[in-house]
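Take a look at the letters that make up each chain.
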Amino acid sequence: QVQLGESGGGSVQAGGSLRLSCAASGFPYKSYCMGWFRQAPGKERERVAHINSGGNTRYEESVKGRFTISKDNAKNTLYLQMNNLKPEDTAMYYCAADFAYSWNNNPDCTFLTYRNWGLGTQVTVSS
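Conventions adopted
Residues numbered from 1 in each chain as written. Predicted model: local features only at pLDDT ≥ 70, side-chain atom pairs only at ≥ 80, totals over all residues. Heavy atoms only, no water. Pairing = 2+ DSSP bridges. Helix = DSSP H or I, 4+ residues; strand = E, 2+ residues; numbered from the N terminus. Axes fitted to C-alpha atoms, helices over the stretch in contact; angles between N-to-C directions. Buried < 20%, exposed > 50% of the residue type's maximum accessible area, 1.4 Å probe, protein only. Polar contact = N/O pair within 3.5 Å; in protein donor to acceptor, adjacent residues only side chain to side chain.

Q: Would you explain the sheet that holds strand β3 (residues 18-25) in this entry?
A: In a beta sheet, neighbouring strands are held together by backbone hydrogen bonds and run either parallel or antiparallel to one another. The 4 strands lie next to each other as β1-β3-β8-β7, forming an open sheet whose pairing is antiparallel. On the outer flanks of this sheet lie β1 (3-7) and β7 (67-72), each paired with one strand and no other. Going across the sheet, the axis of each strand differs from the next one's by a mean of 15 degrees, ignoring polarity. Relative to strand β8 (residues 77-82), β3 runs antiparallel, the two being bridged by 6 bridges. Counterpart to C22 in the pairing with β8 is L78.

Q: What exactly am I supposed to notice about the side chain of R38 here?
A: Mapped onto the elements, R38 comes out in strand β4 (residues 32-39). Judged by its relative accessible area of 6%, R38 falls in the buried class. Within polar-contact distance, the side chain of R38 engages the side chain of E46 at 2.8 Å. Of note is the side chain of R38, whose polar atom sits 2.9 Å from the side chain of D89.

Now the structure itself:
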């Protein structure tokens, strides 16, 4: 069964950086989407970024230029490098992954409803 485990969260000052990791196991898909989501108390869950099996990425507008999503296939690990953090980035961050069909290994992840989720890692950014 697919299992995802996030790590790397913490508390930093505004302008600081964190690198989140998501270790995946039992993930056999050739064509897939993986994403980072975040949710602050009382707020709706928000997609931060996603990457597909072909390496194509997309970002939520507020994090463009600051966050970078990447993956290391050999390590079965997803990353989110977060630079120039802002207080509004404070949230629980979750990674998600699922199969997504694509004939060319570049599935569209925009509207995917992920079935596999990690338990989250807290990111707190102070001013």
